[in-house]
Amino acid sequence: MTDDRGTSAPAGAAPTGPTAEGAAAEGAAAPGPAGPPPRVTVAHPRTLAARSSHPLPGSRALVADDLGRQTPLGDVYLRSLIRTQLRLAALVVGTLAVVLGLLPVLLATEPGVRDTTVAGVPLPWLVIGVAVHPVILALAWVYQRQARKNEAEFADLVERS
């Protein structure tokens, strides 16, 4: 008699090797329940994506997931928000610089404005001391309103994904 390796075994010896173990295991297995079925987690895909380090197959990656894991795509989204806010800030500061920069030019070139008084107070003092502040407050209000709108749009983008 030969075994699987091609060597001969004695006539009375029991077969050894994979065939003997397989036959013994098949005969020893009792028919019946194989055990409890495997556990399955049932959850919303976004919940599963948040738990795993990579998106589920067949689902698109979430913006919030990209932001949280600091992926290159999340970096693009965040830089876009920062760039939008920076552009808004530059526009507001530029407007303020033009308004405040034109006041000295106006007062230096127009002697009639420079010499005018209102209720005994020189007009340049009133313009610089009083009239500039509502302009600054208006620009601050516009900036705050637009910045909140930009952030709300970004938050909607993150929630929609």
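For the structure, see preceding data.
What you are looking at is a predicted structure, and each value in this text was computed from that prediction instead of being measured.

Undergrad: Would you mind going over the overall build of the protein chain with me for this structure?
TA: The number of helices and strands found in the protein chain is 6 helices and 2 strands. Traced from its N-terminal end to its C-terminal end, the protein chain shows the element sequence α-α-α-α-α-β-β-α. In the protein chain, once contacts between residues fewer than 6 apart in sequence are set aside, the share between residues at least 24 apart is 49%. For the protein chain, the exposed surface amounts to about 12,300 Å²; the carbon and sulfur share of it is 65%.

Undergrad: How should unusual backbone geometry be read in this particular structure?
TA: Glycine aside, negative phi is the norm for most residues, and most peptide bonds take the trans geometry. The phi dihedral of Ala119 falls on the positive side, at around 55°, and the residue is not glycine. Given a relative accessible area of 81%, Ala119 falls into the exposed group.

Undergrad: I would appreciate a short explanation of the side chain of Gln85 in the present structure.
TA: Structurally, Gln85 can be placed in helix H4 (residues 72-109). Owing to a relative accessible area of 14%, Gln85 belongs among the buried residues under this scheme. Side-chain polar atoms of Gln85 contact the side chain of Asn150, separated by 3.0 Å. The contact partners of Gln85, leaving out residues within four places of it in the chain, are Ala147, Asn150 and Glu151.

Here is what the cut-offs are and how they apply
- Residues numbered from 1 in each chain as written.
- Predicted model: local features only at pLDDT ≥ 70, side-chain atom pairs only at ≥ 80, totals over all residues.
- Heavy atoms only, no water.
- Helix = DSSP H or I, 4+ residues; strand = E, 2+ residues; numbered from the N terminus.
- Contact = heavy atoms within 4.5 Å.
- Areas by Shrake-Rupley, 256 points an atom, 1.4 Å probe, with all protein chains shown as cover.
- Buried < 20%, exposed > 50% of the residue type's maximum accessible area, 1.4 Å probe, protein only.
- Polar contact = N/O pair within 3.5 Å; in protein donor to acceptor, adjacent residues only side chain to side chain.

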